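An overview of the molecular structure
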Amino acid sequence: DVSSPKHGKVDPLNMPHVGGNMWAGGTGGRDTAGLGGKGGPYRLDAGHRVYQVSQAEKDAVPEEVKRAAREMGEKAFKRRLKEIQMSEYDASTYERFSGAVRRQVESLRIILDNLQ
């Protein structure tokens, strides 16, 4: 069951973590920032294979936990914008332009990675 959203502990060795509710950047777990889980405050990719919980499990998260996770994610987003000296307007403008060329950038990254 989910209880309350949190960032989670950071694994100094960046080992893959699947399930549970302890590690930041894990997959398929609950309450912590990661991918494929439920009840976490925001997505956090540590570069590991993603294990996805079912949509039914995600839908079963209590509304108060979803609300707390959204609030925590919004605070983290605003804190990050402040760190990089961007306004919310700057972020939405960046996202609009970035989204328009996202596929091309990804293709170029793949080409450059293969060349290396």
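Since the model is a prediction, treat every value here as computed from it, not as a measurement.

This next bit is on the overall build of the chain. Of the regular secondary structure elements, the chain holds three helices and two strands. The order of helices and strands in the chain, counted from the N terminus, is β-β-α-α-α. By its C-alpha atoms, the chain is 45 × 35 × 30 Å across when sized along the principal axes. With 116 residues in all, the chain has 24% of them scored as buried. Within the chain, residue pairs in contact and separated by at least 24 positions form 35% of the contacts whose partners lie at least 6 positions apart. Positive and negative side-chain charges in the chain, numbering 19 and 16 respectively, have mean positions lying 1 Å apart.

Here we take up unusual backbone geometry. Unusually for a residue other than glycine, N14 sits at a positive phi of about 55 degrees. Counting through the fold element by element, N14 comes out in the segment before β1 (26-27). For D31, which is not glycine, the phi torsion reads 75 degrees and is therefore positive. Owing to a relative accessible area of 0%, D31 belongs among the buried residues under this scheme.

Our focus in this paragraph is a nonpolar patch on the surface. Together, L108, I111, L112 and L115 make up a nonpolar patch on the protein surface, roughly 420 Å² of accessible area in all. One can find I111 in helix α3 (residues 88-115).

Our next topic: the packing of aromatic side chains. Counted by the stated rule, this structure contains zero aromatic pairs. Its end group placed over the ring of F97, R96 keeps NZ or CZ at 4.9 Å from the ring centre.

In this structure the tally under the stated criterion is six salt bridges. Of the charged contacts, one joins R102 and E95 as a salt bridge, the two residues approaching to 2.8 Å between their closest N and O atoms. Through salt bridges with shared partners, one network takes in E74, K78 and E88.

Looking now at the side chain of K38. Note that K38 resides in the loop between β2 (34-35) and α1 (55-59). Engagement of the side chain of K38 in a polar contact is seen with the side chain of E57, the distance being 3.3 Å. In this view, K38 contacts V2, G29, R30, D31, V53, E57, K58 and V61; residues no more than four positions away in its chain are not counted.

Let us now look at α3. Approximately 55 degrees is the largest bend angle found in α3, and it occurs at V101. Along α3, the positions that sit buried rather than exposed are A91, T93 and S98. The elements touched by buried residues of α3 are α2 (63-83).

We now examine the domain arrangement of the chain. In many analyses, interface size is given as the accessible surface area lost on bringing the parts together. Its domain assignment divides the chain into domain 1 (1-85) and domain 2 (87-115). A separation of 24 Å is found between the C-alpha centroids of domain 1 and domain 2.

Cut-off values and rules
- Residues numbered from 1 in each chain as written.
- Predicted model: local features only at pLDDT ≥ 70, side-chain atom pairs only at ≥ 80, totals over all residues.
- Heavy atoms only, no water.
- Helix = DSSP H or I, 4+ residues; strand = E, 2+ residues; numbered from the N terminus.
- Buried < 20%, exposed > 50% of the residue type's maximum accessible area, 1.4 Å probe, protein only.
- Contact = heavy atoms within 4.5 Å.
- Lys, Arg positive; Asp, Glu negative; His and termini not counted.
- Charge placed at Lys NZ, Arg CZ, Asp CG, Glu CD.
- Patch = residues over 30% accessible without salt bridge, like charges linked within 9 Å, V, L, I, M, F, W, Y side chains within 5 Å.
- Areas by Shrake-Rupley, 256 points an atom, 1.4 Å probe, with all protein chains shown as cover.
- Salt bridge = Lys/Arg side-chain N within 4 Å of Asp/Glu carboxyl O.
- Phe/Tyr/Trp six-rings, centres within 6.5 Å; stacked < 30°, edge-to-face > 60°.
- Lys NZ or Arg CZ within 6 Å of the ring centre and 35° of its normal.
- Polar contact = N/O pair within 3.5 Å; in protein donor to acceptor, adjacent residues only side chain to side chain.
- Bend = angle between axes of the 7 residues up to and from the residue.
- Domains from an automatic or database assignment.

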